[in-house]
Structures are given as C-alpha cells and as structure tokens.
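Read off the chains here:
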Amino acid sequence: MEETNGTRRRPTAPPAIDDTDRRILRLLAEDATRTYAELGRRVHLSPPAVHERVRRLKRDGVIRGTVARLDGTAIGCPLLAFIHVETEGRAFTRTLDSFAAIADVEEVHTVAGDAGVVLKVRTRDTGDLERLLARLYEMEGVRAAKSFVVLGTYLERGPHPDIDL
C-alpha cells in the first residue's frame, strides 16, 4: 500500500494468498507465539518453508505487526468506551492526527453515518473519560461526541482468514 500522509492509505490490489497462507494466518491470529516448526506441522510444510511464507506475508503487508493483547483491567485501565465523533471543516486530517496522539485512544476509524469518526478508548475511570471528552471538544473540527461505555466484552478479535483448520 502506498503511504499518503501517515493517517490514510490508498487501497491497492490485495496480495495473492493461497489456502496454506490462510491456514498460517489463522494459526498466527490465534497465537502469534507459535514456532515455525509448530506451524509447519499444522500446515504440512517444513519450518523453512513456513518462515519464507511468513516473511513474504509481512513484506506484502498482510501481516502488519505482532503485538501483545493487554488486559485493560490488569494494567489499570478497566473502562472501555467507544466515542462517536461528529467532525466538520477542512482540518480533518489534522483532527485524525490529534486523536491518534492521545494515549487513551486505542483505535481511530472513519465511518459512514451520523458520526465521521469512531474512537475506541480505554481509561482508568469515568473521571478520566470525562477529561478525555473535554479534550476532544477542544480540538479543531470536533462538533459533537457521543460516548458508549462498554459493560462487558463477549468477543474481541481481529480479522480471520476464511478457512477451516
């Protein structure tokens, strides 16, 4: 994908991936700490062959990174919320960059509908959430915000390749 300004990327043709790639991606999405040997056993390839496929998938941008999923409560930020932000004006890209600069913001999504942007945020408590909302209202281009506090999470995962294991 071609980088434009660090915030948005121009879509390009997706890289070609086969069923074996999809199986590898599914296994890594479930547990990214799996070794090439374990992956190879599961997809019937040698560890070097799996390593080469994973290297290619990273190079092609299919695998964008490997991260640890942290427990918000365990790190002292148990309050999860989604904020629908109505935006206006010509400073849209700067506004998106401003959202990304806030440590409590985990995700920034531009969307169709009443809101122009949806933020996924995690804070220590409602007081921190209130301060975050006040900070949003001070930003250029923010017209309104509506927050939704999460009471419980029943499923949270990234995209999974469409393949059965």
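See above for the structure.
Here goes a summary of the coordinates provided.

The rules we used
The written sequence of each chain sets the order in which its residues are numbered from 1. Given that the model is predicted, a residue must reach a pLDDT of at least 70 before its local features are reported, and side-chain atom pairs must reach 80 or more before they are shown or counted; all residues, however, enter totals for whole chains, interfaces and linings. Working from all heavy atoms in the structure, the side-chain values ignore hydrogens and water. Put simply, DSSP marks the helices as runs of H or I at least four residues long and the strands as runs of E at least two long, and each gets a number from the N terminus on. Think of it in three bands: residues with accessible area under 20% of the maximum for their type are buried, residues over 50% are exposed, and the middle band is partly exposed, with areas taken using a 1.4 Å probe on protein chains only. Under this definition, polar contacts are N or O atom pairs within 3.5 Å; protein pairs additionally need one hydrogen-donor-capable and one acceptor-capable atom, and for neighbouring residues in sequence, both atoms have to be side-chain atoms. Note on contacts: a residue pair is in contact if any heavy atoms of the two residues lie within 4.5 Å. Every case where a carboxyl oxygen of Asp or Glu lies within 4 Å of a side-chain nitrogen of Lys or Arg is listed as a salt bridge. Structural elements are reduced to axes, namely lines fitted to C-alpha atoms, with helices fitted over the stretch in contact, and the angle between N-to-C directions of any two is expressed from 0 to 180 degrees. Orientation categories follow fixed angle ranges, with anything under 35 degrees roughly parallel, anything over 145 roughly antiparallel, 65 to 115 roughly perpendicular, and all other angles oblique. Under the scheme applied, nonpolar residues are Ala, Val, Leu, Ile, Met, Phe, Trp, Tyr, Cys and Pro; charged residues are Asp, Glu, Lys and Arg; polar residues are all the others, including Gly.

A short note on the side chain of Thr-123
Consideration 1: Residue placement: Thr-123 occurs in strand 5 (residues 117-123).
Consideration 2: Looking at Thr-123, the relative accessible area reads 1%, which means it is buried.
Consideration 3: Reaching out from Thr-123, the side chain makes a polar contact with the backbone oxygen of Asp-125 at a distance of 3.1 Å.
Consideration 4: The contact partners of Thr-123, leaving out residues within four places of it in the chain, are Cys-77, Pro-78, Leu-79, Asp-104, Asp-128, Leu-129 and Leu-132.

Some thoughts on the side chain of Thr-87
Consideration 1: Turning to its location among the elements, Thr-87 is positioned in strand 3 (residues 79-87).
Consideration 2: Excluding residues within four positions of it along the chain, Thr-87 makes contact with Phe-92, Gly-116, Val-117, Gly-141 and Arg-143.

So, the pattern of salt bridges
Consideration 1: Using the criterion set out here, one finds 17 salt bridges in the structure.
Consideration 2: With its nearest N and O atoms 3.0 Å apart, the salt bridge here joins Arg-34 to Glu-38.
Consideration 3: Using a relative accessible area of 15% as the deciding quantity, one classes Arg-34 as buried.
Consideration 4: The salt bridge partner of Arg-94 is Glu-140, with a shortest N-O separation of 3.4 Å. A residue pair is termed long-range when its members are at least 10 positions apart, and Arg-94 in helix 4 (residues 92-100) and Glu-140 in the loop between helix 5 (126-137) and strand 6 (142-149) qualify at 46 residues.
Consideration 5: Accessibility expressed as a relative area gives 51% for Glu-140, which makes it exposed.
Consideration 6: The network of salt bridges with shared partners includes Glu-106, Glu-107, Lys-120, Arg-122 and Glu-156.

Comments concerning the packing of helix 2 (residues 36-43) against helix 3 (residues 47-59)
Any two packed helices are characterised by the angle at which their axes cross and by the distance between the axes.
Consideration 1: Contact geometry of helix 2 with helix 3 gives a least axis separation of 8 Å together with a crossing angle of 100 degrees. Here helix 2 lies roughly perpendicular to helix 3, going by the angle between them. When helix 2 is examined against helix 3, the residues Tyr-36, Ala-37, Leu-39, Gly-40 and Val-43 are found in contact with a partner set consisting of Pro-47, Val-50, His-51 and Val-54.
Consideration 2: Considered class by class, the residues forming the contact of helix 2 with helix 3 number seven nonpolar, two polar and no charged.

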